[in-house]
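Report on the structure
Spelled out, the chains give:
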Amino acid sequence: MLNGAEQSGGAKTVAIVGAGIVGVSTAIWAQRAGHRVILIDRDGPAAGTSFGNAGLLATSAVVPVTTPDLWTKAPGMVLRPDSPLFLRWSYLPKIAPWLLRFMSHATDTKTRAAAKALFPIIGDSLADHQALAEGTGAEPWIVPTDYMYYYGSRASYEAGRYSWDIKTGLGFHPTEYEGAALAGYDPIFAGKDGLGAVVPNHGRISDPGAYVKALADHVVAAGGTLRIGVVEAVLREGGKVTGLRLGGETLPCDAMVLTAGAWSGPLAKDLGLALPLETERGYNIELWNPSKMPKVPVMVSAGSFVMTPMEGRLRLAGIVELGGLKAGPSEAPFKLLRRHLAQVLPDLTWDEETKWMGHRPTLSDSVPVIGPVPGMEGAYMGLGHQHIGLTGGAKTGRLLAQMLSGQTPNLDMTPYRPDRFH
């Protein structure tokens, strides 16, 4: 059987800009198709969001933030001290045009269209990651699991019926646990009056940073090249990519893939696309050697944060802060995570706490761009996965590798077109 490179007329030298989960997945699948790979990152593999995400393969997270009720909820979310949404007011003038564009998608029609587009990218994420990791040495970090959405009451669960109707329509049917049944499912909730809606066939990554680094190590071991630095420009001749400018050096290549997440804007502009890309600054706290662990990853709806069991620690991840790429972390989101944890598990103790802040890349319609750049032969993009980058990274990389090899994915790629905003 011919591999992808042979089918398309020969192996290419492919430069992949960004070594998070999307970049390393693209690199592995491109190598499997017979291509030569150069993996480039400003700080190294898994140095950004792929290190500090929730560690969850959130297969059922198909409903974007921009549900129709966001118009009524957003003002209060920004102003309430217990809200999981923070805004750096000094950044408001810069982000205002993007926010208006983002809010324009808070309609029923656009919400359902986004969910329909996200489903093929994340709807089978556990199997996608298992296929990606096979033979790389990264397999042990993938843990099949259920996923629980925890609500403080049945009333709060019913208040989320709009999102659940979309999810069940796509095949995600939760099992409800209350009272003694909830404690029976997971004793950590003993004595709680809340409700757990548990969805099967998810996964978690027990150490996201180690997982992505192991995948990147496999790329190098398989003959790929890893370069650390900032790509300054895409070189082209006659409408075709011929190389990259990296730290004053010319790096020849036959094709390039932009997978640099929230830092992709300048190179996207160099390729002729002004993407409506912003960063949702995400926060996490890790509690080392906790006195108890949840059985499965838990989304706590009241605080919009996820508790994920990991190796030796419990990771609390969530919170959205709109504040751009340059400002340092704020302390208020960390304090809010601690307060919300105390409401759910007031008797939890731990030995040590570590903190992290990173940048989720979000496009105004909450759907990633995946595919070739129009008018520029050999240029591709895979970015803008907002809260589901780890979840959708494995499938995105496989799709990009297929297109690099001249193959047509068995999926309508229209919703992910890089030029759809123009």
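Our structure's up above, just so we're on the same page.
The structure contained in this document is the topic of the report that follows. What you are looking at is a predicted structure, and each value in this text was computed from that prediction instead of being measured.

1. With respect to the overall build of the protein
From N to C terminus, the protein includes 14 helices and 19 strands. Dimensions along the principal axes, computed over C-alpha positions, put the protein at roughly 65 × 45 × 40 Å. When the 422 residues of the protein are sorted by exposure, 56% land in the buried category. Only carbon and sulfur atoms are counted for the fraction: they give 55% of the accessible area of the protein, which is about 16700 Å². When the 38 basic and 38 acidic side-chain charges of the protein are each reduced to a single mean position, those positions are 4 Å apart.

2. So, a nonpolar patch on the surface
Together, Val220, Leu226 and Ile228 give the surface a local cluster of nonpolar side chains, amounting to about 240 Å² of exposed area. Checked against the element boundaries, Ile228 lands in strand S8 (residues 225-228).

3. Quick notes on the pattern of salt bridges
The full count for this structure, using the stated rule, is 19 salt bridges. For Glu321, the salt bridge is made with Arg88, and the minimal N-O distance between the two is 3.5 Å. Taken together, the residues span a long stretch of sequence, with Glu321 in strand S16 (residues 313-322) and Arg88 in the loop between strand S4 (85-87) and helix H5 (92-103) at a distance of 233 residues. Residue classification places Glu321 among the buried residues on the basis of a relative accessible area of 3%. Note on Arg88: relative accessible area 25%, which makes it partly exposed. What you see here is one network of salt bridges that share partners, running through Arg154, Glu158, Arg161, Glu176 and Glu178.

4. Let's talk about the sheet that holds strand S10 (residues 240-246)
Strand-to-strand pairing in sheets goes through backbone hydrogen bonds, with the strands running parallel or antiparallel. Here we have three strands laid out as an open sheet, ordered S9-S10-S11, and antiparallel in their pairing. In this open sheet, the two edge strands, each paired with only one partner strand, are strand S9 (231-237) and strand S11 (249-252). Across this sheet, the average inter-strand angle for adjacent strands is 30 degrees, counted without regard to direction. Both S10 and S11 contribute to a ladder of four bridges, which runs antiparallel. Among the inter-strand pairings, Leu244 is bridged to a residue of S11, identified as Leu251.

5. A few points about the sheet that holds strand S18 (residues 369-372)
The six strands are arranged S8-S2-S1-S12-S19-S18 in an open sheet whose pairing can be described as mixed. With partners counted over all chains shown, the strands left at the sheet margins are S8 and S18, one partner each. Between one strand axis and the next, the sheet turns through 20 degrees on average, direction left out of account. Where strand S1 (residues 13-17) and strand S2 (residues 36-41) come together, five bridges link them in parallel fashion. Paired with Val14 across the strands is Val37, a residue of S2. In this fold helix H2 (residues 21-32) packs onto S1, S2, strand S12 (255-258) and strand S19 (379-383), with an angle of close to 170 degrees to the strand it touches most, S2.

6. Quick notes on the nonpolar core
Core analysis: the largest hydrophobic core is formed by 65 residues, its most contacted members being Ile21, Val24, Leu132, Tyr211, Leu215 and Ile370. In contact with Ile370, not counting residues within four places along its chain, are Ile121, Met381, Gly382, His385, Thr396, Leu399, Leu400, Met403, Met413, Tyr416 and Pro418. Grouped together as the second largest cluster of nonpolar side chains are 28 residues, Leu251, Leu277, Val369 and Leu383 included.

7. Quick word on the side chain of His35
With respect to the helices, strands and loops of the structure, His35 is situated in the loop between H2 and S2. Take His35: its relative accessible area is 5%, and that puts it in the buried class. There is a polar contact of 3.1 Å between the side chain of His35 and the backbone nitrogen of Lys12.

8. What to know about the packing of helix H6 (residues 108-122) against helix H14 (residues 389-404)
H14 packs onto H6 with a crossing angle of 80 degrees between their chain directions and a minimal axis gap of 8 Å. In terms of their interaxial angle, H6 and H14 are classed as roughly perpendicular. Mapping the contact onto sequence places Pro120, Ile121 and Ile122 in H6 and Thr391, Gly392, Lys395, Thr396 and Leu399 in H14. Taken together, the residues that form the contact of H6 with H14 break down as four nonpolar, three polar and one charged.

9. Observations concerning the packing of aromatic side chains
Taken as a whole and judged by the stated rule, the model has nine aromatic pairs. Look at Tyr147 and Tyr149: their rings are 4.7 Å apart centre to centre, the planes differ by 50 degrees, and that puts the pair in the tilted class. In this pair, the class of Tyr147 matches that of Tyr149, namely buried. Their ring planes at 35 degrees and their centres at 4.8 Å tell us that Tyr177 and Tyr185 sit as a pair that is tilted. For Tyr177, a relative accessible area of 21% translates into the label partly exposed. Ring pairing ties together the aromatic residues Tyr147, Tyr149, Tyr151, Tyr157 and Trp164, which thus form one cluster. Looking at Arg161, its charged tip hangs above the ring of Tyr157, at a distance of 5.3 Å from the centre.

10. Points about the environment of Gly224
Following the sequence through the fold, Gly224 ends up in the loop between helix H11 (208-221) and S8. Under the relative-accessibility criterion, Gly224 is labelled buried at 9%. Those residues in contact with Gly224 that lie beyond four places of it in its chain are Gln31, Val37 and Val219.

Cut-off values and rules
- Residues numbered from 1 in each chain as written.
- Predicted model: local features only at pLDDT ≥ 70, side-chain atom pairs only at ≥ 80, totals over all residues.
- Heavy atoms only, no water.
- Helix = DSSP H or I, 4+ residues; strand = E, 2+ residues; numbered from the N terminus.
- Buried < 20%, exposed > 50% of the residue type's maximum accessible area, 1.4 Å probe, protein only.
- Areas by Shrake-Rupley, 256 points an atom, 1.4 Å probe, with all protein chains shown as cover.
- Lys, Arg positive; Asp, Glu negative; His and termini not counted.
- Charge placed at Lys NZ, Arg CZ, Asp CG, Glu CD.
- Patch = residues over 30% accessible without salt bridge, like charges linked within 9 Å, V, L, I, M, F, W, Y side chains within 5 Å.
- Salt bridge = Lys/Arg side-chain N within 4 Å of Asp/Glu carboxyl O.
- Pairing = 2+ DSSP bridges.
- Axes fitted to C-alpha atoms, helices over the stretch in contact; angles between N-to-C directions.
- Contact = heavy atoms within 4.5 Å.
- Core = buried A, V, L, I, M, F, W, Y, C linked by side-chain atoms within 4.5 Å.
- Polar contact = N/O pair within 3.5 Å; in protein donor to acceptor, adjacent residues only side chain to side chain.
- Parallel < 35°, antiparallel > 145°, perpendicular 65-115°, else oblique.
- Nonpolar A, V, L, I, M, F, W, Y, C, P; charged D, E, K, R; others polar.
- Phe/Tyr/Trp six-rings, centres within 6.5 Å; stacked < 30°, edge-to-face > 60°.
- Lys NZ or Arg CZ within 6 Å of the ring centre and 35° of its normal.

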